[in-house]
Amino acid sequence: MPGLRRSAKPDRNAPSSRALKVLVLGAGVGGLSIARGLLRDGYDVTVFEQRPHLQAGGGAVTIWSNGETVLGQLGVDMTGSGQLLSSVEVWTSSGRRLATLDLTAIVDRLGAPVRMVPRRVLLERLLDGLPTERIRCNSRAVGVVTRHDGVQVEFDDGSWVEGDLLIGADGLHSVVRDVIGAQPAEPTGWCSWQGLVTLPDIAGQHVAQVVVGERGNLGLWPAGGSEVQWWFDLPWSPDFVRPERPIELIRSNFAGWSDAADRVLAILTDDDLAHSPYPHFRHPIPRPRGHGALTLLGDAAHTMPPTFAQGTNQALLDTMVLCKAMSDFRSGTNGDLPSALRWYEKTRRPRVMAVSRVASLQVAHGEAVLRPAAMVSDRLITWALTMFLRTASHCRLSAEVSRELGAAHR
Ligand SMILES: Cc1cc2nc3c(=O)[nH]c(=O)nc-3n(C[C@H](O)[C@H](O)[C@H](O)COP(=O)(O)OP(=O)(O)OC[C@H]3O[C@@H](n4cnc5c(N)ncnc54)[C@H](O)[C@@H]3O)c2cc1C
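Read on for an overview of the structure. (Residues numbered from 1 in each chain as written. Predicted model: local features only at pLDDT ≥ 70, side-chain atom pairs only at ≥ 80, totals over all residues. Heavy atoms only, no water.)

## Topic: the pairing of strand 12 (residues 165-168)
Every second residue of strand 12 is oriented toward a common face, with Leu165 and Ile167 on one face and Leu166 and Gly168 on the other, all of them buried. Direction of pairing for strand 1 (residues 21-25) relative to strand 12: parallel, over a ladder of four bridges. Looking across to strand 12, one finds that Val22 is bridged to Leu165. When strand 12 meets strand 18 (residues 294-296), the two strands line up parallel, connected through three bridges. Its bridge partner being in strand 18, Gly168 is matched across the sheet by Leu296. (Buried < 20%, exposed > 50% of the residue type's maximum accessible area, 1.4 Å probe, protein only. Helix = DSSP H or I, 4+ residues; strand = E, 2+ residues; numbered from the N terminus. Pairing = 2+ DSSP bridges.)

## So, the sheet that holds strand 13 (residues 186-198)
Through backbone hydrogen bonds, the strands of a sheet pair up, either in parallel or in antiparallel fashion. The seven strands are arranged 6-5-14-15-16-13-17 in an open sheet whose pairing can be described as mixed. Both edges of this open sheet fall to strand 6 (97-102) and strand 17 (278-282), since each of them pairs with a single strand only. Taking the axes of each pair of neighbouring strands and ignoring which way they run, one obtains an average angle of 20° across the sheet. Here strand 5 (residues 87-92) pairs with strand 6 via five bridges, running antiparallel. When the sheet's bridge partners are listed, Glu89 is paired in strand 6 with Thr100. (Axes fitted to C-alpha atoms, helices over the stretch in contact; angles between N-to-C directions.)

## Topic: helix 1 (residues 29-40)
Compared with an ideal rise of 1.5 Å per residue, which puts 12 residues at 16 Å, helix 1 spans 16 Å between its outermost C-alpha atoms and is within 8% of the ideal. Counting buried residues in helix 1 gives nine out of 12 residues, a clear majority hidden from the surface. Within the sequence span of helix 1, burial applies to Gly30, Gly31, Leu32, Ser33, Ile34, Ala35, Arg36, Gly37 and Leu38. The inward-facing, buried residues of helix 1 contact strand 1, strand 2 (44-48), helix 4 (119-127), strand 8 (135-136), strand 12 and helix 9 (311-330). (Expected span 1.5 Å × (residues − 1). Contact = heavy atoms within 4.5 Å.)

## Examining the side chain of Ser139
Structurally, the position occupied by Ser139 is in the loop between strand 8 and strand 9 (141-147). Its relative accessible area of 1% is what places Ser139 among the buried residues. Separated by 3.4 Å, the side chain of Ser139 and the backbone oxygen of Arg136 make a polar contact. Among the polar contacts listed, one links the side chain of Ser139 to the backbone oxygen of Cys137, at a separation of 3.1 Å. (Polar contact = N/O pair within 3.5 Å; in protein donor to acceptor, adjacent residues only side chain to side chain.)

## Points about the sheet that holds strand 12
Reading across the sheet, the five strands line up as 8-2-1-12-18 and stay open at both edges, with parallel pairing between neighbours. Edge positions in the sheet fall to strand 8 and strand 18, since each has one partner strand and no second. Packed onto the sheet, helix 1 meets strand 1, strand 2, strand 8 and strand 12 and runs at close to 165° relative to strand 2.

## Observations regarding the environment of Ala408
Structurally, Ala408 can be placed in helix 13 (residues 395-409). Once the C-alpha coordinates of Ala408 and Ala255 are considered, the two residues, 153 residues apart in sequence, prove to be 55 Å apart.

## Re the nonpolar core
By size, the foremost hydrophobic cluster in this structure holds 46 residues, and its most contacted members are Leu38, Ile167 and Met326. Broken down by element, the residue count for this core peaks at nine residues, all from helix 9. When residues no more than four places from it in sequence are discounted, the contact partners of Met326 are Leu20, Leu38, Tyr43, Leu165, Leu337 and Leu341. With 27 residues, the next largest nonpolar core counts Ala99, Leu110, Val355 and Leu385 among its residues. (Core = buried A, V, L, I, M, F, W, Y, C linked by side-chain atoms within 4.5 Å.)

## Considering unusual backbone geometry
Following Ser276, the chain continues to Pro277 via a peptide bond in cis, the omega torsion being 0°. In this structure, Asn138 is a non-glycine residue whose phi angle is positive, near 55°. With phi around 75°, Phe308 is a residue other than glycine that occupies positive phi space.

## Some points on the pairing of strand 1
For strand 1, the buried fraction is high: five of the five residues fall into the buried class. Relative to strand 2, strand 1 runs parallel, the two being bridged by five bridges. Note that in strand 2 the partner of Val22 across the bridge is Val45. One crossover worth recording links strand 1 to the parallel strand 2 by way of helix 1, and it is right-handed. (Right-handed = clockwise from strand over helix to strand, strands pointing away.)

## Focus on the state of the cysteines
If you walk through the whole model with that rule in mind, you get zero disulfides. The cysteine Cys323 is free of any disulfide, with Cys395 supplying the nearest cysteine sulfur at 18 Å. Using a relative accessible area of 5% as the deciding quantity, one classes Cys323 as buried. (Disulfide = S-S within 2.5 Å.)

What follows is the structure in structure tokens.
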């Protein structure tokens with residue numbers, strides 16, 4: 001965006017007497033969802049995105065019941081998108097069934113579906129109804145200055161903008177995270193090669209498959225129509241050198257693990273692997289995560305490995321809790337703005353830490369570690385996953401938010 005962005009200096013009026021000016025850095029799922037939530041609640045929100053266009057790369061993400069509930073609260077219509085899932089089968093690479101997770105039990109207990117949705121579709125749905133003038137592309141933030149009455153964000157073209165509040169939803173290598181002095185993300189030693197492939201006879205299937213071997217795992221998850229999300233996880237280190245023919249590396253590690261995997265391996269080419277691998281990172285969760293009128297949301301606050309596919313869902317839960325903090329602040333029940341932000345961070349921290357810790361366990365990466373799971377009943381494993389999701393999802397607060405939104409719309 002050329003030229004100097006000038007904005008009215010934040011005034012010192014009581015915040016509740018005018019719409020607070022909220023700056024959001026990053027237009028990923030986190031940035032777009034918090035923008036939707038705060039616009040819904042009457043704030044003056046602008047999202048700044050470094051990329052020239054909004055387009056989602058990569059494959060698909062799993063939206064679990066906890067994330068789907070927040071999308072509903074944000075008015076994002078997910079009807080007909082992606083593929084609803086009913087179970088996840090876990091196998092060993094030698095063809096032994098380890099467990100079947102019954103997702104319908106999770107859906108019954110948590111009250112919302114589990115679906116696999118291509119990232120591009122999720123982005124479209126999040127953007128639907130979000131005023132385009134609220135998103136400024138080509139705006140790469142390079143600096144943040146905090147003031148007693150707000151924040152100033154500086155961009156790489158020399159321009160700047162001021163606001164009352166800055167939400168860093170700028171992902172793994174967040175600039176805002178640097179400003180608050182939180183530690184950078186650390187690689188976990190694993191990576192995913194992943195993407196979407198078309199398998200015409202898969203249409204309508206709602207069973208996802210994970211196959212775990214001695215030194216890696218793969219997943220094949222239907223993502224709507226005849227699209228299937230595939231992933232192949234392998235060890236990774238920062239000195240990884242990309243092979244000239246990555247497909248050969250993948251085939252040599254995973255051929256023969258399952259019939260479906262062999263079909264996918266036969267179709268994939270080096271072009272399909274062009275954007276992979278995606279190394280797995282994990283952030284230490286800072287305490288507190290922000291300061292003054294700054295806070296973090298989504299991967300900027302808590303990048304975690306994709307095991308359990310919770311990253312996007314946790315960004316959505318951040319959104320729900322931050323909107324609640326802001327709404328309590330406005331109604332005068334949550335102190336001043338920094339106190340409301342610290343309440344959001346403290347409320348999220350234990351849940352996020354638990355999810356991040358579980359996502360970092362090596363369970364999905366070694367057949368030997370998972371073997372005892374074959375002795376546990378599917379019912380017990382499903383129950384444990386349901387309880388884990390329930391505990392991590394602020395169910396009571398979520399019900400309260402849904403009730404308040406329902407009452408506001410009556
Ligand atoms: C291989 C893999 C598979 C995954 N699968 C799943 C899954 O199945 N389910 C799930 O829930 N999660 C999954 N995740 C995690 C999920 O992708 C992330 O948790 C989620 O995308 C986080 O969204 P976000 O908006 O916080 O960050 P991002 O999506 O990273 O968005 C950050 C945005 O900020 C912008 N930005 C960055 N720096 C700046 C700057 N300085 N100025 C302006 N803009 C900036 C970026 O361009 C980007 O658009 C997976 C992750 C990986 C790596």
